[in-house]
Amino acid sequence: MGLTRRELTRREVTRRGLVAGGVALGMGSMLVPARRAGADAGSVSIAYNVGLPSWDPTVGPSAVNPTIQAIYQSVFDQYVGQNPDLSFTPGLLEKWGWNAAGTEVWMDVRKAVVWHDGTPLTPEDVRWSLTRAGDPKSGNPIQFIWGNLSGFKIDGQRVTAQAKQFDPVLFKWMAFLTGYVLPRAYYEKVGPEGFEKKPVGTGPYMVDAYERNAFLRLKANPHYWGGKPAIDTVVFKFVTDASARVAEIESGASDVTLEIPYEEFDRLKKKPGLKGVTTPISDIGMIFITNVAPMLDENVRQAMVHAVDKKLLVDKLLRGYGVPIDTLEAPQYEAFDPSIRTPHDPKLAVEYLKKSGFSKSKPVKFTIQTTRGFKPKDYEMIQAIVGMWRNVGIHADIEVYEIAKHFELRMAHKLAPAAFYNWGNAIGDPTTSTGFAMFGPSPHSAWKTKDVDALIGPLWGERDEAKRIAGWKAVDRYVAEHALVLPLLQYVQPIVHKDTVKVVPSISGSLQPARFTRA
């Protein structure tokens, strides 16, 4: 039985949670079902680290926020599915491919799939979703990917389309950001506002209740084509403060949480009734460098990079839970090249600054932006980096913002000269790491210059796979040699859960309740 809205109350803050955390838990914990979520065998509550700004998974900044994808993937299905190890699997498309000439794609749509409103999924839904995603007016942040397709035709369950150019990662994108199928008839009937009020998908869970900035309650889809999930009810509590998430799991108010400080992870996993799991994920911590003053001075950029001791950050702040990196490719990515190195060398950093007339007594000054509590020790990491910079002659002021503000500023090309971010690349391809982070025309890049664009441009349509990967490695080397971005580390995701729940972590970092079972 579902809980009615009358059973929701702002007073259900657990006393033990407040004591354990020593802070107010925030709206995500204050507005929850009066019965403790997770108390019965069919319910699991997740203290989640980010809220949900919008329900349409294909438009706006939230559509390209990797952390939100776990929620979207619970309600909506993607064209192509993905396993926890990042391998691909059929989704709403059972088969797909290119013709021999690389000019046309074909997609076979799964049969016997039902939308949450009871109507059947049709190939027209797939055609409409792809057409809408490729429309420049749609607001899709990666419209330039989907806009490659046109001239759609439907023959039975098969959908075909003409491609303006061959794209070696098109079908990988169908398992990634904005790669969701939406219901044409329902969406056109209720419009964008109606869809926000009552979203409908084909995913493993259906929306039961939602309070913006507070919580989301989902009910298992009994007609899901992949089988009904083992957990009947899932509650996402939007708890953006890391200390509050610790309090949620320690008090028993939530069954699962993630992205907490590693010292808390090490402590909590030893407590009776709790378990902890960590896995290296496809997210990397990085500092965007924007092509504005003083970053137009390569000596300043080089000093920034060489002054940072990444291993120290991982060992001391993250308790060893992380992998230092020197490019935007994590070790699991296809274009990872361990020979590209940007070593920690503060003396070299001082020399670079001296060439441009800067020193500890006459420092170069700029602002660096960062989140605080979105990822474990994100703010503390930037504090430490600012300290390392100060030791060589760089004075950076820290500005804290919410992750939604980062997306807003980045898409408007208005980030500060330096901005910390965690980049998610769940498909492990260099186009979705170095490509979109460094290609000028991309709305997701901060450094926009013609020299980099000239190197990247030809790789978008390269059909020779070995040549394509070699080309991306060359781009990574150029970016590193000219210090156009500051990669920091590959994240290890900490998850703590009650021992009554079995959690399946994913390299993508997407914590999907559809994979939860009772232990």
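Residues take numbers from 1 onward in each chain, read along the sequence in its written order. Under the rules for a predicted model, residues below a pLDDT of 70 receive no local features and side-chain atom pairs below 80 are neither given nor counted, while totals for whole chains, interfaces and linings still include all residues. Side-chain metrics in this entry use all non-hydrogen atoms of the structure; hydrogen atoms and water are not considered.

**Section: the overall build of the protein**
- What counts as a helix is a DSSP run of H or I of at least four residues, what counts as a strand is a run of E of at least two, and both are numbered from the N terminus. Scanning the protein from N- to C-terminus turns up 17 helices and 21 strands.
- In this treatment the radius of gyration is a C-alpha quantity, and the globule benchmark scales as 2.2 Å times the residue count to the 0.38 power. Here the protein has a C-alpha radius of gyration of 23 Å; the compact-globule value for 519 residues is 24 Å, and the two agree.
- Counting only C-alpha atoms and orienting by the principal axes, one finds that the protein spans roughly 70 × 65 × 35 Å.
- The rule is simple: take the accessible area with a 1.4 Å probe, protein chains only, and divide by the maximum for that residue type; under 20% is buried, over 50% is exposed, in between is partly exposed. Sorting the 519 residues of the protein into buried and exposed places 60% on the buried side.
- Within the protein, one finds 63 positive and 55 negative side-chain charges whose respective centroids are separated by 4 Å. The charged-residue count follows a simple rule in which Lys and Arg add positive charge and Asp and Glu add negative charge, with His and chain termini not counted at all. Note on charges: their place is set at NZ of Lys, CZ of Arg, CG of Asp or CD of Glu.

**Details of the sheet that holds strand β7 (residues 104-109)**
- Strands pair, by our definition, only if DSSP identifies at least two bridges between them. Spatially, the four strands line up as an open sheet ordered β6-β7-β9-β8, and their pairing is antiparallel. A single partner strand is all that each edge strand has here, and the edge strands are β6 (93-98) and β8 (149-155). Here the strands of the sheet are splayed against their neighbours by 15° on average, with no regard to which way each runs.
- Relative to strand β9 (residues 158-163), β8 is paired through five bridges, and the arrangement is antiparallel. Bridging across to β9, S150 finds its partner in Q162.
- Two residues form a contact once any of their heavy atoms are found within 4.5 Å. For every element, the axis is a line fit to its C-alpha atoms; helices are fit only across the contacting stretch, and the angle between N-to-C directions ranges from 0 to 180 degrees. Across the face of the sheet, helix α4 (residues 123-134) comes into contact with β6, β7, β8 and β9 while running at roughly 175° to β8.

**Some remarks on α4**
- By definition here, a helix of n residues has an expected span of 1.5 Å times n minus one. In this model α4 runs 17 Å from its N-terminal to its C-terminal C-alpha over 12 residues, within 8% of the 16 Å that 1.5 Å per residue would give.
- Buried residues dominate α4, accounting for 10 of its 12 residues.
- Those residues of α4 not exposed but buried are P123, D125, V126, R127, W128, S129, L130, R132, A133 and G134.

**Some details on the environment of S442**
- Mapped onto the elements, S442 comes out in the loop between α15 (434-438) and α16 (450-456).
- Ignoring sequence-local partners within four residues, the contact set of S442 consists of F436 and K448.

**Side note on the pattern of salt bridges**
- Whenever Lys or Arg places a side-chain nitrogen within 4 Å of a carboxyl oxygen from Asp or Glu, that contact is recorded as a salt bridge. Tallied over the full model, the rule gives 28 salt bridges.
- A salt bridge links K405 to E408, with the shortest nitrogen-to-oxygen separation between them at 3.2 Å. One end of the pair, K405, and the other, E408, are both in helix α14 (residues 403-411), three residues apart, so they sit about a helical turn from each other.
- You can call E408 partly exposed: its relative accessible area is 44%.
- Within this structure, K172, E334, D429, E465 and R468 form a network of salt bridges that share partners.

**Observations concerning the packing of helix α11 (residues 310-317) against helix α13 (residues 378-390)**
- Orientation of α11 relative to α13, taken along the N-to-C sense of each, is 140°, at an axis distance of 11 Å. Classified by the angle their axes make, α11 and α13 are oblique. As α11 packs across α13, the resulting crossing turns out to be right-handed. Residue-level contacts link L312, L313 and L317 of α11 to E380, M381, A384, I385 and M388 of α13.
- Each residue belonging to the contact of α11 with α13 can be placed in one class, and the counts come to seven nonpolar, no polar and one charged. Each angle receives one of four descriptions, namely roughly parallel if under 35 degrees, roughly antiparallel if over 145, roughly perpendicular if within 65 to 115, and oblique otherwise. Crossing handedness is defined as follows: a turn of the near helix away from the far one that is anticlockwise and smaller than a right angle gives a left-handed crossing, while the clockwise case is right-handed. Think of it as three bins: nonpolar holds Ala, Val, Leu, Ile, Met, Phe, Trp, Tyr, Cys and Pro, charged holds Asp, Glu, Lys and Arg, and polar takes everything else, Gly as well.

**Some thoughts on the pairing of β7**
- Examined bridge by bridge, β6 and β7 share five bridges and lie antiparallel to one another. Looking across to β7, one finds that W96 is bridged to M107.
- Where β6 folds back on β7, the antiparallel hairpin that results is connected by five residues, among which G102 adopts a positive phi of roughly 70°.
- Bridge analysis of β7 against β9 gives five bridges, and the strand direction is antiparallel. Each bridged residue has a counterpart across the sheet, and for E104 the counterpart in β9 is Q162.

**Digging into the packing of aromatic side chains**
- Pairs were defined over the aromatic rings of Phe, Tyr and Trp, the Trp ring being its six-membered one, requiring ring centres within 6.5 Å. Orientation was assigned from the angle between planes: stacked under 30 degrees, edge-to-face over 60, tilted for the rest. A complete count under the given rule lists 28 aromatic pairs for this structure.
- Measuring from centroid to centroid gives 5.2 Å for W173 and F176, while their planes differ by 40°, and the two rings are tilted.
- Linked through ring pairs, W55, Y72, F76, W128, Y180, Y186, Y187, F195 and Y210 together constitute an aromatic cluster.
- Directly above the aromatic system of Y187 lies the positively charged group of R132, at a separation of 4.6 Å from the ring centroid.
- Positioned over the ring face of F166 is R463, at 4.9 Å from the centre of the ring. A ring is scored as having a charge over it whenever the NZ atom of a lysine or the CZ atom of an arginine sits within 6 Å of its centre and within 35 degrees of its normal.

**Section: α13**
- Between its first and last C-alpha, α13 extends 18 Å over 13 residues, near the 18 Å set by a 1.5 Å rise per residue.
- Considered for burial, the residues of α13 that qualify are D378, Y379, M381, I382, I385, V386, G387, M388 and W389.

**As for the pairing of strand β18 (residues 418-424)**
- For β18, the buried fraction is high: seven of the seven residues fall into the buried class.
- The alternating pattern of β18 places A418, F420, N422 and G424 and A419, Y421 and W423 on opposite faces, both of which are buried.
- Pairing between strand β14 (residues 274-289) and β18: seven bridges, direction antiparallel. Counted as the bridge partner of F288 is A419 from β18.
- Sheet topology note: the strand β16 (residues 364-370)/β18 ladder contains two bridges and is parallel. Pairing of Q369 across the sheet is with A419, part of β18.

**Regarding the nonpolar core**
- Here the nonpolar core consists of buried residues drawn from Ala, Val, Leu, Ile, Met, Phe, Trp, Tyr and Cys, with membership extended through side-chain atoms lying within 4.5 Å. Core analysis: the biggest nonpolar cluster contains 147 residues, and M174, I287, M381, W389 and M438 have the highest contact counts within it.
- Top element by residues in this core is strand β19 (residues 485-498). It accounts for eight residues.

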